[in-house]
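Structure assessment
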Amino acid sequence: MDAAKIHELGLACECGGAVICATCHVVVSPEWFDKLEPPIEAELDMLDALEGREATSRLGCQLVMTEELDGLEVKVP
Ligand code: FES
């Protein structure tokens, strides 16, 4: 979420990471998807209710950036 703001990806992130809005929805490139930490239950619930969810959808606010994720590619739907 912070990286999205810094790079002006246009994510609203209205709840500030409280996992109640899904306005931070991103679609992760398939080659990166399995490198992410698995989603918590609250994120899964939000994704289940999300219109336009794709196989590699995640909530941007729940992605914890690490050195291993340097170069992560996401699409803003
Ligand atoms: S910012 Fe609201 S769910 Fe991610």
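As shown above, the structure is provided for reference.
What comes next is a walk through the structure.

Rules behind the numbers
Residues numbered from 1 in each chain as written. Predicted model: local features only at pLDDT ≥ 70, side-chain atom pairs only at ≥ 80, totals over all residues. Helix = DSSP H or I, 4+ residues; strand = E, 2+ residues; numbered from the N terminus. Rg over C-alpha atoms; globule rule 2.2 N^0.38 Å. Buried ≥ 20, exposed ≤ 12 C-beta atoms within 10 Å, placed from the backbone. Contact = placed C-beta atoms within 7 Å. Pairing = 2+ DSSP bridges.

On a plain count of helices and strands, the chain comes out with three helices and three strands. Each helix and strand of the chain, placed in order from N terminus to C terminus, yields the pattern α-β-α-α-β-β. For 77 residues, the compact-globule estimate of 2.2 N^0.38 gives 11 Å, and the chain sits close to it at 11 Å. Over its C-alpha atoms, taken along the principal directions, the chain stretches across nearly 30 × 25 × 20 Å. For the chain, buried positions account for 18% of its 77 residues. Counting contacts in the chain only where the partners sit at least 6 residues apart, residues at least 24 apart contribute 62% of the total.

On to the sheet that holds strand S2 (residues 57–59), then. Within the open sheet, the three strands sit side by side as S2-S1-S3. Their pairing is antiparallel. Pairing within the sheet leaves two strands with one partner each, and these edge strands are S2 and strand S3 (74–75).

Even without glycine at this site, valine 19 takes up a positive phi of about 60°. Secondary-structure assignment places valine 19 in the loop between helix H1 (2–6) and strand S1 (25–28). The partly exposed category is assigned to valine 19, around which 18 C-beta atoms lie within 10 Å. A positive phi is found at alanine 22, a non-glycine position, where the angle reads about 65°. Note on placement: alanine 22 falls in the loop between H1 and S1.

Take the environment of proline 39 next. Counting through the fold element by element, proline 39 comes out in the loop between helix H2 (30–33) and helix H3 (41–48). Look at proline 39 and you get partly exposed, because 17 C-beta atoms sit within 10 Å. Counting along the chain gives 19 residues from proline 39 to arginine 58, while the straight-line C-alpha distance between them is 7.8 Å. Setting aside chain neighbours within four positions, we find proline 39 in contact with Leu44, Leu47, Arg58 and Gln62.

What follows is about the environment of glycine 16. Within the secondary structure, glycine 16 sits in the loop between H1 and S1. Once the C-alpha coordinates of glycine 16 and threonine 66 are considered, the two residues, 50 residues apart in sequence, prove to be 20 Å apart.

This is a description of form; function is not addressed.
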